[in-house]
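Now for the letters of each chain:
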Amino acid sequence: METQLVVLGGGPGGYAAAFMAADLGLQVTLVDAEPRLGGACLLRGCIPSKALLHVAKVIADARHAADWGVAFAAPKIDLDAMRARKEKVIAALSGGLAQLAKRRSVQVIRARGVFEDSQTLRLEQAGDKPPAADRLRFQHCILATGSSPTRLPALAIPTARAMDSTAALDLPEVPESLLVIGGGYIGLEMGTVYAVLGSRVSVVEMTDGLLPGVDRDLVKPLHKRLEKDFAAIWLNAKVVAMADKKDSIEVTFEGQGPGTTERFSRVLVAVGRRPNSAGLGLEHTKVQVDSRGFVMVDPQRRTADPHILAIGDVASEPMLAHKAAHEGKIAAEVLAGHEAAVFSPRAIPAVVFTDPEIAWAGLTEAEAKKEGRAVEVAQFPWAASGRAQSVGRTEGLTKWVIDPESRCVLGCGIVGAGAGELIAEAVLAIEMGATVEDVAQSIHPHPTLSETLGFSAEVYLGTATDIYRPRTARKA
Ligand code: NAD
């Protein structure tokens, strides 16, 4: 079997690349081992976790309604129904992708692809039936094989009570107690779901703060909230051993944990993800892989092999679906002969869908400091926002990182309800090279949380009237 372009991996990066390439006139084959398109993001990541976080929000909002004089009875939780509803979301979206592939004449093959050389993939059976052919010859390949949860050998014990994110998303039960190992994106998002459903959730994080690498001003309000919602947050602590005790898992800690050992009904291991570059036969091509397993690519997403490009989690951090999709489109354009196509964003947004949410884009204060770059920072506390007060979410904060010379906005960070939606305005401003004046002079609708982006810019300019803080920008 032959194809002009094969895309290996049908996640958000892979299907964006395949569909874009087809739209640009290439003949495309998409190979994925899963029975459905969508990759980890749709089948066992972003989408199912957001469906469960939606449920968590409904329950939490109903609880907080008591502050406004409206009391609801405790929720009755039907896990089977919840799972089925989540599955319906996945089925609708993956069914849609299959249709989109068909409409574009993208051939989808269910198989595990392994490189035999720079222009041949061996197609190994992944489902009940063998694939239509056992070899696929191609002119070009876009590698989009994504990433998988990092496994720690010391913590790999053969019990369903020890879960990775995939198992946790299956909602096997609401355990009485849950230990989350890793205070990153997945640990905090899934910890939030289980805590709202009724588990006593504890988090152990080996560094000195939750969400390492994220601006501390943004993490602080979330940490404060999680201290109330979670049973414990242990920082500077590690799990060194786990033992299956049938009805629970015995966990041994090191560092500033709870003491030496403690038992939990279940454990979720969420200590990061690693690129899926092993076992693909890349050694039979000219593709180079770095020491962490990432496929090395140039700004056009070309690898060292002239026939192979790579995008998404397998190629570089941050491991985020929207970054993968953009890279996929660039790779397709490059193969269609668009010489000028390069992946060079000023701002890749990141969102942690906890409650409150944390979102940021562009340069952070910490990165500026590390680079020795002089920036100024302006921030607006949500306690002074009419909308935040009226929805009872005053813990938020919106901050801009600004270039003092050009007065361009270089970065933005937001913590608060709906921060993930609000950050989109900041991405546009940063990409367009907007100045802080541009942001301040853009009229934001009242009363909305989006006003905090305008107000924060006004704080920098000394024109804010909703807060008494004339010209308070500080040097970072
Ligand atoms: P992560 O890198 O966000 O967090 C892992 C955490 O585990 C870190 O804080 C790390 O210090 C800690 N850790 C590592 N080893 C440990 C140990 N032995 N004991 C205790 N703590 C330990 O990784 P993740 O949460 O697994 O998520 C993986 C990736 O998936 C993320 O980096 C992100 O790119 C992506 N993701 C994104 C979203 C989103 O966009 N909302 C959600 C989930 C996952």
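Above: the structure in question.
These numbers were taken from a predicted model, which means no experiment stands behind them.

Cut-offs and rules
Residues numbered from 1 in each chain as written. Predicted model: local features only at pLDDT ≥ 70, side-chain atom pairs only at ≥ 80, totals over all residues. Heavy atoms only, no water. Helix = DSSP H or I, 4+ residues; strand = E, 2+ residues; numbered from the N terminus. Rg over C-alpha atoms; globule rule 2.2 N^0.38 Å. Buried < 20%, exposed > 50% of the residue type's maximum accessible area, 1.4 Å probe, protein only. Contact = heavy atoms within 4.5 Å. Areas by Shrake-Rupley, 256 points an atom, 1.4 Å probe, with all protein chains shown as cover. Pairing = 2+ DSSP bridges. Axes fitted to C-alpha atoms, helices over the stretch in contact; angles between N-to-C directions. Near = heavy atom within 4 Å. Polar contact = N/O pair within 3.5 Å; in protein donor to acceptor, adjacent residues only side chain to side chain. Nonpolar A, V, L, I, M, F, W, Y, C, P; charged D, E, K, R; others polar.

Caption draft 1: Representation of the overall build of the protein chain. Helices and strands together make up the secondary structure of the protein chain, namely 13 helices and 23 strands. By the compact-globule yardstick of 23 Å for 476 residues, the protein chain fits well, its C-alpha radius of gyration being 24 Å. Each of the three principal axes of the protein chain carries a C-alpha extent, and together these read 70 × 60 × 40 Å. Within the protein chain, the fraction of its 476 residues that count as buried is 51%. Long-range contacts, defined as pairs at least 24 residues apart, comprise 62% of the intrachain contacts of the protein chain with a sequence gap of at least 6. Accessible area for the protein chain stands at about 21900 Å²; split by element, carbon and sulfur atoms hold 53% of it.

Caption draft 2: Expanded view of the sheet that holds strand β14 (residues 261-264). The strand order across the open sheet formed by 3 strands is β12-β13-β14, and the pairing between neighbours is antiparallel. Across the chains shown, the open sheet's two edge strands, defined by having one partner strand only, are β12 (237-244) and β14. Each strand of the sheet is rotated relative to its neighbour by a mean of 30°, with strand direction disregarded. The pairing of strand β13 (residues 249-255) with β14 spans 4 bridges and is antiparallel.

Caption draft 3: The site of the ligand, seen in detail. Contacts to the ligand come from 23 residues, most closely from Ile186, Glu205, Gly272, Met319 and Val351. A distance of 2.9 Å is found between a nitrogen atom of the ligand and a side-chain nitrogen or oxygen belonging to Glu189. When the ligand is considered free in solution it has 830 Å² of accessible area, and contact with the protein chains removes 82% of it. Listing elements by their share of the shell around the ligand, those giving two or more residues are α6 (185-197) and β12. If you tally residues by element for the shell around the ligand, the top one is α6, at 3 residues. Here the residues of the shell around the ligand are counted per class, giving 14 nonpolar, 5 polar and 4 charged.

Honestly, it's all geometry; don't read function into it.
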